[in-house]
Amino acid sequence: MTNELSPEQFPEGFAWGTATASYQIEGAVHEDGRLPSVWDTFSHTPGKVFRNQTGDLADDHYHRYPEDISLLADLGVTHYRFSLAWPRIQPEGYGPVNGAGVDFYSRLVDGLLDHGIQPWVTLYHWDLPQVLEDAGGWPRRETAEKFAEYAALIHQRLGDRVQDWTTLNEPWCAAFLGYASGHHAPGRTDGAAAVRAAHHLMLGHGLAAEVLRAQGARSVGVTVNLYPVDAVTDSAADRDAARRIDGLMNRFFLDPMLRGSYPADVLKDIAEVTGTEHVRDGDLATIAAPLDFLGVNYYSRHVVRAGVPRPGPTHWVGSQDVEFVKRGVPQTEMGWEIDPDGLYETLTRVSREYGPLPLYVTENGAAFADEVTREGRVHDEDRRRYLEEHFRAAHRALAEGVDLRGYFVWSLLDNFEWAHGYSKRFGLVHVDFETQVRTLKDSGRWFSEITRANAL
């Protein structure tokens, strides 16, 4: 099936937006009853983040959100995807809500609606309340149950104005970067714990989706980060390396949430690390409750080959011998190869293999070394070209029948880029982290033309 689209036009009602995450932009980590998250603890642990930088101030969005809403309006976006800080709403991860924290998000939602911008809420973008981590974190089943309680409580307060809810952002990162390699908070290095965390994150998604729907949420989905995975050669060993990375990166999450089962080959790959004793009867049915949409975060492609096992912690549980290969193509400041065709391949693969499901590109963007000129401009042609190439890849998927409903650029603002601190700039808006002055980049000016025309 193909859609009748001009080479430049996107479908009527296509959602154009930008995306952010609470710990990366909000700051105000000690204000109005908020208690520490795992990222507060992790970033304050020497050696964990670039130059020991923290999200204590970040973009000071907690105080400057009216200005940031105005920037969104300038960009012409119809939607804004942002995450809630669980420890701002439930400081200890359980119990009654913190009124001051809820009031902040209520003001943010009202401000967006006043500007004709639809709020897209993500319940969890990695800032687990530290109290829950101290009790065992995501490897512990009770964390999934508390997550559903948190979802119910915040929906009761925002659900009259927020219709679109994303349960999790990138559970692969939260599980495997957080609990296997220790590159992200909470910084644990236990492969078996990471596999349990992945399961309980998905269980938390399923439980939260149930309560959101029971309370009348119109649209409930989840966001995963997906990569095409290619073998360097057609040798059996290299093809098996690609199968394993694709399994752990993509199918380990897509299969349970969209098919109700774990891929058997991946369970075999990780059998030496852990079994499946943590998977209880009924869990997979809960995890696989029908979605209203799937969010796809896409940045690059993995190219791999068979190698030799590497010592030390790794997020590639059960595949320590797989080597990742650079192809010599242009890269972003993150060291990620620029591959817009990979977005097309990812969207068409999900549509083809997992059935007709509304899709959104919930994150896509690029870090480059931006500077403000004396004239107060940021000439980021590399980012503009990157986005245009990826928008065209998405349009190509649309034209071939993929049910793509929207596209959220990462990110609205330069921000705290996790373990990279403030060294990587992804924003359509430049932020001077010393003065908090915001400057719309050339890519943002260009993006505002795209959003208003709904066309390239």
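It should be emphasised that the depicted structure is a prediction, and the values quoted were computed from it without experimental measurement. (Residues numbered from 1 in each chain as written. Predicted model: local features only at pLDDT ≥ 70, side-chain atom pairs only at ≥ 80, totals over all residues. Heavy atoms only, no water.)

## Concerning the sheet that holds strand S9 (residues 322–324)
Reasoning step 1: Strands sit in the order S6-S8-S9 across an open sheet of three strands; the sheet is mixed. If you trace the sheet from one side to the other, it starts and ends with strand S6 (229–231) and S9, each paired once. Strand-to-strand twist across the sheet, computed as the mean angle between neighbouring axes with direction ignored, equals 40°.
Reasoning step 2: Running over the sheet, helix H10 (residues 236–259) touches S6, strand S8 (302–306) and S9 and is turned about 130° from S8. (Pairing = 2+ DSSP bridges. Helix = DSSP H or I, 4+ residues; strand = E, 2+ residues; numbered from the N terminus. Axes fitted to C-alpha atoms, helices over the stretch in contact; angles between N-to-C directions. Contact = heavy atoms within 4.5 Å.)

## Description of the environment of Ser 181
Reasoning step 1: Inspection of the secondary structure puts Ser 181 in the loop between helix H8 (171–179) and helix H9 (191–214).
Reasoning step 2: When its relative accessible area of 7% is taken as the criterion, Ser 181 is described as buried.
Reasoning step 3: Taking the C-alpha atoms as reference points, Ser 181 and Thr 314, separated by 133 residues in sequence, lie 4.4 Å from one another.
Reasoning step 4: If we ignore the near neighbours within four places in the chain, the residues touching Ser 181 are Phe 176, Arg 188, Thr 189, Pro 313, Thr 314 and His 315.
Reasoning step 5: Separated by 3.1 Å, the side chains of Ser 181 and His 315 make a polar contact. (Buried < 20%, exposed > 50% of the residue type's maximum accessible area, 1.4 Å probe, protein only. Polar contact = N/O pair within 3.5 Å; in protein donor to acceptor, adjacent residues only side chain to side chain.)

## Looking at the packing of aromatic side chains
Reasoning step 1: If you walk through the whole model with that rule in mind, you get 44 aromatic pairs.
Reasoning step 2: Both rings, one in Trp 120 and one in Phe 408, keep their centres 5.1 Å apart while their planes meet at 45°; by these two values the pair is tilted. Of this pair, Trp 120 sits in strand S3 (residues 118–124) while Phe 408 sits in strand S11 (residues 404–410), and the two are 288 residues apart along the sequence. No difference in accessibility class separates Trp 120 from Phe 408, as the two residues are buried.
Reasoning step 3: Among the aromatic residues, those joined into a cluster by ring pairs are Tyr 23, Trp 39, Phe 42, Trp 126, Phe 416, Trp 418, Tyr 422 and Phe 433. (Phe/Tyr/Trp six-rings, centres within 6.5 Å; stacked < 30°, edge-to-face > 60°.)

In short, the description is geometric, and any link to function would need to be established separately.
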